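The chain contents come next:
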Amino acid sequence: MQIPYDIIIIGAGPIGIACALEAKKKNLNYLILEKGCLVNSLYNYPIHMQFFSSSELLELDQIPFTSTENRPKRNEALEYYRRIVQSRAVRVNLFEEVLTVSKIENSFNIQTTKSLYQAHHVIVATGFYDIPNLLNIPGEDLPKVNHYYKDPHYFARQKVVVVGGSNSSVDAALECYRKGASVSLVIRDQTIGSHVKYWVRPDIENRIAEGSIQVYYNSQLKEVTPTTVILETPEASVTIANDFVLALIGYRPNIEFLERIGIAFSDDNRKIPVYNPETMETNIEQLYLAGVVCGGLDTHEWFIENSRIHAVKIVEHISRNTL
Ligand SMILES: Cc1cc2nc3c(=O)[nH]c(=O)nc-3n(C[C@H](O)[C@H](O)[C@H](O)COP(=O)(O)OP(=O)(O)OC[C@H]3O[C@@H](n4cnc5c(N)ncnc54)[C@H](O)[C@@H]3O)c2cc1C
């Protein structure tokens, strides 16, 4: 067991890194523990993904983020955050998952897949990209059903059903169509989602209007078989030939992990964790939440843009209490 850290930060996403930069400024002894690679969620985004935020809104600690277009691409963001970690010598252990956090008197024991740490404060910045929402239908476990989408080349000349009407599904549908896939889009609502990037919306609407991408509005997938999918549409049950399904219907934070730590939640079904918005401290004293994990199942509430401020609030509160 090492000397207790002032702060252990769980998660090396943009906001975990922002917390580390603040801790460093205040000369606090901190360490980030990350279960995957650096900015693991961004690494797992679609390869050609473009942020809806302009680059200055993704900056940490006012370190300039230059990108070739106003809105950066995934690979530029990977480069930006990696360079920050390198140049600011941010302390981070990669590929080390935090399994449990338990409070004993005035400090925490943090058990990982590799070691046991002690800290006076813990910041949970675990994001929401690790757990996909499921369709919960027969055949969902077939290998042809994917809940993450990386690259369109794989789907060239294949019959692909994309489920969902928001940015991830619209981007995937357009990319696969342009690589020669035959794409059907299955949307639960009666239109494309309202959050779809405004510069992408005309593209998808025009491809649907001209019949290049087939769309089923007000429809849901009912079953997947090795060669077909069965849809429930307003008119009838429809069976279409199919090679791959991209079920891109959103992601959720690891609520069970937060519950295990002892974090309390709102009593509605949005599962919003309880925290003080001034300090980001949870119902457990000295344990804080930062970044998009704060939204619970409401994953359209927090972004990098508006959650960078959590790092400043938390570390100010910790350093006030530590002095
Ligand atoms: C496709 C997509 C596009 C987006 N575009 C934008 C955009 O344009 N602008 C914007 O502001 N936001 C955008 N967002 C939202 C936001 O960028 C991301 O959710 C962002 O990654 C949030 O940063 P974070 O640090 O809070 O969480 P994350 O980046 O998700 O970081 C959490 C980290 O915690 C790690 N972790 C989880 N559990 C553990 C554990 N038990 N032990 C150790 N490590 C753990 C994960 O591996 C991960 O690296 C987008 C989200 C998605 C999914």
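All values derive from a computational prediction rather than experimental measurement.

Q: It is not clear to me how the packing of helix 1 (residues 14-25) against helix 7 (residues 304-322) should be interpreted in this structure. Could you clarify?
A: Any two packed helices are characterised by how steeply their axes cross, that is the angle between the axes, and by the distance between the axes. Where helix 1 meets helix 7, the axes come as close as 9 Å, and the angle between the chain directions of the two elements is 30 degrees. By crossing handedness, the relation of helix 1 to helix 7 is classed as right-handed. Residues Pro14, Ile15, Ala18, Cys19, Glu22 and Ala23 of helix 1 touch helix 7, and the partners they reach there are Ile304, Ser307, Arg308, Ala311, Val312 and Val315. Here the contact of helix 1 with helix 7 is built from residues that sort into 9 nonpolar, 1 polar and 2 charged.

Q: What is the right way to read the pairing of strand 1 (residues 5-10) from this model?
A: Consecutive side chains along a regular strand alternate between the two faces of the sheet. The buried fraction of strand 1 amounts to 6 of the 6 residues, a majority that puts the element mostly inside the structure. For strand 1 and strand 2 (residues 30-33), the ladder comprises 4 bridges, and the chain directions are parallel. By the bridge assignment for strand 2, Ile9 is matched with Ile32. Tracing the backbone out of strand 1, into helix 1 and back to the parallel element strand 2 gives a crossover that is right-handed.

Q: Could you clarify how one ought to interpret helix 5 (residues 201-209) in this entry?
A: Within an α-helix, residues lying three or four positions from one another point in the same direction, as the helix has 3.6 residues per turn. Turning to helix 5, its buried residues are Ile204, Arg207 and Ile208. The buried side chains of helix 5 occupy one side of the element, clustering within an arc of 100 degrees when seen end-on. Those residues of helix 5 that are buried are in contact with helix 4 (167-178), strand 10 (182-186) and strand 11 (214-216). Positioned one or two residues after helix 5, Gly211 has a phi angle of 85 degrees, which is positive.

Rules used in this analysis
Residues numbered from 1 in each chain as written. Predicted model: local features only at pLDDT ≥ 70, side-chain atom pairs only at ≥ 80, totals over all residues. Heavy atoms only, no water. Axes fitted to C-alpha atoms, helices over the stretch in contact; angles between N-to-C directions. Helix = DSSP H or I, 4+ residues; strand = E, 2+ residues; numbered from the N terminus. Left-handed = near helix turned anticlockwise from the far one by under 90°. Contact = heavy atoms within 4.5 Å. Nonpolar A, V, L, I, M, F, W, Y, C, P; charged D, E, K, R; others polar. Buried < 20%, exposed > 50% of the residue type's maximum accessible area, 1.4 Å probe, protein only. Pairing = 2+ DSSP bridges. Right-handed = clockwise from strand over helix to strand, strands pointing away. Arc of directions from axis to C-beta.

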